[in-house]
Amino acid sequence: YFLDKEFKFNLEDYSIPTNRKSFQVDAIALINHYNKYFLLIGECKHSVKGGTGSNAVNGAYDKINTYRSFINQRIKKIFNIEVTPLYVLLTKGHKVSNEKKAKFTSSGNRKKVIFLSEPEQNYIQDCYEVSKNTYFAFNQFLGMFAQDSKFYKDIEVGALKTVTNYKANKSAFTFSIMAKDMMPLSYVAHRRGKDSHSSDSSNSKRDDHYQRILTSGRISSIAKHLERDQSPFINNILVSYRGKNNGFKFIEKKTIGQGRTGELVISGRPGSFHVIDGQHRLFGYSGVTDKKILDQTLIVTAFHQIDQLEEAKTFLSVNRNQKKVDVALM
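Residues numbered from 1 in each chain as written. Predicted model: local features only at pLDDT ≥ 70, side-chain atom pairs only at ≥ 80, totals over all residues. Heavy atoms only, no water.

Caption draft 1: Fine view of the overall build of the protein chain. Assigned secondary structure in the protein chain consists of eight helices and 14 strands. Looking at the protein chain alone, contacts between residues at least 24 apart form 72% of all its contacts between residues at least 6 apart. Roughly 17,500 Å² of accessible area belongs to the protein chain as shown, and the carbon and sulfur atoms make up 49% of that amount. (Helix = DSSP H or I, 4+ residues; strand = E, 2+ residues; numbered from the N terminus. Contact = heavy atoms within 4.5 Å. Areas by Shrake-Rupley, 256 points an atom, 1.4 Å probe, with all protein chains shown as cover.)

Caption draft 2: Quick look at the nonpolar core. Membership of the largest hydrophobic core comes to 57 residues, with the highest contact counts inside it found for Phe141, Leu142, Phe175, Leu264 and Phe273. Considering each element in turn, this core owes the most residues, eight residues, to helix α4 (residues 134-145). With near-sequence residues (within four places) excluded, leucine 264 lies in contact with Ile155, Glu156, Val157, Ala159, Phe173, Phe175, Phe248, Lys249 and Phe250. Formed by 24 residues, the second largest nonpolar core is a distinct cluster that contains Leu11, Val57, Ile75 and Val83. (Core = buried A, V, L, I, M, F, W, Y, C linked by side-chain atoms within 4.5 Å. Buried < 20%, exposed > 50% of the residue type's maximum accessible area, 1.4 Å probe, protein only.)

Caption draft 3: Examining unusual backbone geometry more closely. Of note, asparagine 35 is a non-glycine position whose phi angle comes to about 60°, a positive value. One can find asparagine 35 in the loop between β3 (27-33) and β4 (36-46). We classify asparagine 35 as exposed; its relative accessible area is 74%. Non-glycine residue glutamine 305 carries a positive phi angle of around 65°.

Caption draft 4: Quick peek at the sheet that holds strand β12 (residues 261-268). If you trace the eight strands from one edge of the open sheet to the other, you get β9-β13-β10-β14-β8-β7-β12-β11, paired in mixed fashion. Edge positions in the sheet fall to β9 (186-187) and β11 (248-252), since each has one partner strand and no second. Bridge analysis of β11 against β12 gives five bridges, and the strand direction is antiparallel. When the sheet's bridge partners are listed, phenylalanine 248 is paired in β12 with isoleucine 266. Against the sheet, helix α8 (residues 308-320) touches β10 (237-241), β13 (273-277) and β14 (297-304), its axis set at about 30° to β13. (Pairing = 2+ DSSP bridges. Axes fitted to C-alpha atoms, helices over the stretch in contact; angles between N-to-C directions.)

Caption draft 5: Structural view of the packing of aromatic side chains. Applying the stated rule across the entire model yields 15 aromatic pairs. Measuring from ring centre to ring centre gives 5.5 Å for phenylalanine 23 and tyrosine 67, while their planes differ by 55°; the resulting arrangement is tilted. Of this pair, phenylalanine 23 sits in strand β2 (residues 22-24) while tyrosine 67 sits in helix α1 (residues 54-78), and the two are 44 residues apart along the sequence. For the residue pair phenylalanine 23 and tyrosine 67, the accessibility class agrees, reading buried in each case. Members of the aromatic cluster, connected to one another through ring pairs, are Tyr34, Phe38, Phe138, Phe141, Phe145, Phe151 and Tyr152. (Phe/Tyr/Trp six-rings, centres within 6.5 Å; stacked < 30°, edge-to-face > 60°.)

Caption draft 6: Summary view of the pairing of strand β7 (residues 152-163). Sheet topology note: the β7/β12 ladder contains seven bridges and is antiparallel. By the bridge assignment, alanine 159 is partnered in β12 with glycine 262. The sheet contact formed by β7 and strand β8 (residues 171-178) spans five bridges and is antiparallel. Note that in β8 the partner of alanine 159 across the bridge is phenylalanine 175.

Caption draft 7: Structural context of the sheet that holds strand β5 (residues 83-92). In spatial order, the strands read β3-β4-β5-β6; together these four strands make up an open sheet with mixed pairing. Where the open sheet ends on each side, the last strands, each with one partner, are β3 and β6 (114-116). Averaged over all pairs of adjacent strands, the angle between strand axes in this sheet comes to 25°, irrespective of strand direction. Relative to β6, β5 is paired through three bridges, and the arrangement is parallel. When the sheet's bridge partners are listed, leucine 89 is paired in β6 with phenylalanine 115. Against the sheet, α4 engages β3, β4, β5 and β6, with an angle of about 105° to β3.

Right, dumping it as structure tokens:
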């Protein structure tokens with residue numbers, strides 16, 4: 001399926017509008033995440049001069065889109081399992097404007113690619129170096145750069161709605177969900193990623209992230225705790241919904257629970273939820289060896305229609321105002 005012992009897709013079987021009958025891949029990886037296979041196909045452009053490199057970068061983008069439909073056909077023939085291809089354009093030494101990045105990654109662009117310049121690459125590398133957790137690093141990658149893609153099945157849960165402001169136009173929804181279903185829909189807005197471009201059209205360049213990257217030590221200790229106690233943490237994980245408006249639907253059951261009870265349907269897109277408080281409790285599950293523990297149910301409270309400033313204030317309110325338990329009470 002690959003030619004010349006290199007990463008070249010053999011495309012001889014397809015009617016390609018160019019004379020080329022193969023596609024050489026600069027970087028490729030097959031990753032199993034949340035029981036779904038992703039094939040990352042990378043096109044790389046490196047400049048030692050530090051120029052804008054518009055022609056080179058545009059050429060790489062055009063190359064991907066000339067061949068992607070044929071490569072997709074080839075992928076279906078190669079694998080006897082369902083594989084989702086992700087086309088990634090990586091640059092080093094090129095000065096690429098945020099407008100250009102937004103054009104390449106726009107959700108309304110059918111020829112969308114995941115664009116990673118050095119800040120994005122460095123951020124993902126940091127996620128792994130600090131956490132030493134491949135699940136978490138790849139989950140952050142999807143959460144930041146593939147938010148518009150519906151990779152997973154919708155999640156349907158029972159939920160309780162609580163109004164959170166005086167005008168009664170903002171609400172929070174509390175529900176229980178298995179850890180293995182919540183993690184793929186969640187990501188964390190880390191300070192180290194504040195200069196990274198994101199696929200989220202509401203804020204394409206994140207400059208107001210405030211969380212720290214969770215550490216390998218915390219993941220390990222929490223995973224051991226979960227395996228030792230065989231029970232989840234009982235306090236709520238606080239998240240903010242950042243996904244598409246039509247990806248979050250609350251169906252009220254007006255005759256139950258004073259009208260505040262209903263069914264919440266969440267679209268299966270990565271990065272739909274940003275974790276305000278509880279990233280270690282949530283992603284600590286990525287470090288467990290006993291996969292049955294991933295079926296444990298978590299209590300989650302999701303804020304809807306709040307901005308990042310409100311998220312940060314909530315984070316501070318929870319963490320800054322906590323006090324240690326009095327020794328006498330213990």
